[in-house]
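# Coordinate inspection notes
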Amino acid sequence: MKKIKIIGWDKVGWSIDKDHSNLEYFLSKIGSIKLTESYLTANVYFFVWHDQVFHPKYIFVRLMRFIFKNKKIIAWITNDITKNNKFISK
């Protein structure tokens, strides 16, 4: 069973909040997935906005991905990234 930690919202009711709640709803309907609030037990970190992956606040998430090889990062892209050199797909 995959344990997913959803990361990202701005708590003011904008689209990122709706993306978070919609993702939470649909993932909760999949039997092989468990949503978790724990960064340590999560197998997958799902960022609802890809820019947050690079925020210094989440450096530990990127570090955990390299320390624990079974952890993955998924970042949702809702804007044009063609000119963003920070985005690297692996």
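Residues numbered from 1 in each chain as written. Predicted model: local features only at pLDDT ≥ 70, side-chain atom pairs only at ≥ 80, totals over all residues. Heavy atoms only, no water.

### Examining the overall build of the chain
For the chain, the helix and strand inventory stands at two helices and four strands. Secondary structure elements of the chain occur, N-terminal to C-terminal, as β-α-β-β-α-β. Counting the 90 residues in the chain, one finds 30% classified as buried. (Helix = DSSP H or I, 4+ residues; strand = E, 2+ residues; numbered from the N terminus. Buried < 20%, exposed > 50% of the residue type's maximum accessible area, 1.4 Å probe, protein only.)

### Regarding the nonpolar core
Within the largest apolar cluster, nine residues are counted, these being Ile4, Ile6, Ile16, Leu23, Leu27, Ile33, Val44, Phe46 and Val48. For this core, the secondary structure elements donating two or more residues are strand E1 (2–7), helix H1 (15–28) and strand E3 (44–47). For this core, the element with the most residues is H1, which contributes three residues. Filtering out sequence-adjacent residues up to four positions away, Ile6 remains in contact with His20, Leu23, Glu24, Leu27, Leu35, Phe46 and Val48. In terms of nonpolar packing, the next biggest core, distinct from the first, is built from eight residues, Ala42, Tyr45, Phe47 and Tyr58 among them. (Core = buried A, V, L, I, M, F, W, Y, C linked by side-chain atoms within 4.5 Å. Contact = heavy atoms within 4.5 Å.)

### Describing the pairing of E3
Along any regular strand, the residues point their side chains to alternate faces of the sheet. Going residue by residue along E3, you find Val44 and Phe46 tucked away on one face and Tyr45 and Phe47 tucked away on the opposite face as well. For E1 and E3, the ladder comprises four bridges, and the chain directions are parallel. Bridging across to E3, Ile7 finds its partner in Phe47. Two elements, E3 and strand E4 (residues 72–75), share four bridges in a ladder whose sense is parallel. Considered in E4, the bridge of Val44 is made with Lys72. The handedness of the E3 to E4 crossover, carried by helix H2 (residues 59–67), is right-handed. (Pairing = 2+ DSSP bridges. Right-handed = clockwise from strand over helix to strand, strands pointing away.)

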